[in-house]
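Chain residues, written in single-letter form:
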Amino acid sequence: METLELEMPKTKYVDLNQYETIPALDRAIAEPEGQIYTNYEDFRRDLYKDWYEEDE
């Protein structure tokens, strides 16, 4: 029986220049959706707002 040997590329990296667009990369670097926080307190308050509402 004959075995086939796969020829592996010499590098581990893919040349991304060969693609016109890469959808996953476009989504990753796109503008963030939702609220943009300028300080930690606002972020924390919004993150835990459901817990705070239960306490009141």
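Residues numbered from 1 in each chain as written. Predicted model: local features only at pLDDT ≥ 70, side-chain atom pairs only at ≥ 80, totals over all residues. Heavy atoms only, no water.

1. Some details on a nonpolar patch on the surface
A surface patch of nonpolar side chains, amounting to about 570 Å² of accessible area, comprises Y40, F43, L47, Y48 and W51. For the nonpolar patch, the element with the most residues is helix α2 (residues 40-47), which contributes three residues. Tracing the chain through its elements places Y48 in the loop between α2 and α3 (49-55). (Patch = residues over 30% accessible without salt bridge, like charges linked within 9 Å, V, L, I, M, F, W, Y side chains within 5 Å. Areas by Shrake-Rupley, 256 points an atom, 1.4 Å probe, with all protein chains shown as cover. Salt bridge = Lys/Arg side-chain N within 4 Å of Asp/Glu carboxyl O. Helix = DSSP H or I, 4+ residues; strand = E, 2+ residues; numbered from the N terminus.)

2. Focus on the packing of aromatic side chains
Under the counting rule described, the total for this entry stands at two aromatic pairs. Considering the side-chain rings of Y37 and F43, the 5.4 Å spacing of their centres and the 75° angle between planes classify their relative orientation as edge-to-face. Judged by its relative accessible area of 28%, Y37 is partly exposed. Of the residues examined, F43 reaches a relative accessible area of 35% and is grouped as partly exposed. (Phe/Tyr/Trp six-rings, centres within 6.5 Å; stacked < 30°, edge-to-face > 60°. Buried < 20%, exposed > 50% of the residue type's maximum accessible area, 1.4 Å probe, protein only.)

3. Considerations on the pattern of salt bridges
Pairing between side chains of opposite charge can happen when their charged atoms approach one another. A full pass over the atoms with the stated rule returns three salt bridges. Residue R44 is joined to E41 by a salt bridge in which the shortest nitrogen-to-oxygen separation is 2.6 Å. Taken together, the residues span about one helical turn, with R44 and E41 both in helix α2 at a distance of three residues. Residue class for E41 comes out partly exposed when judged on its relative accessible area of 36%. Taking the shortest distance from any N to any O, the salt bridge between D46 and K49 comes out at 3.4 Å.

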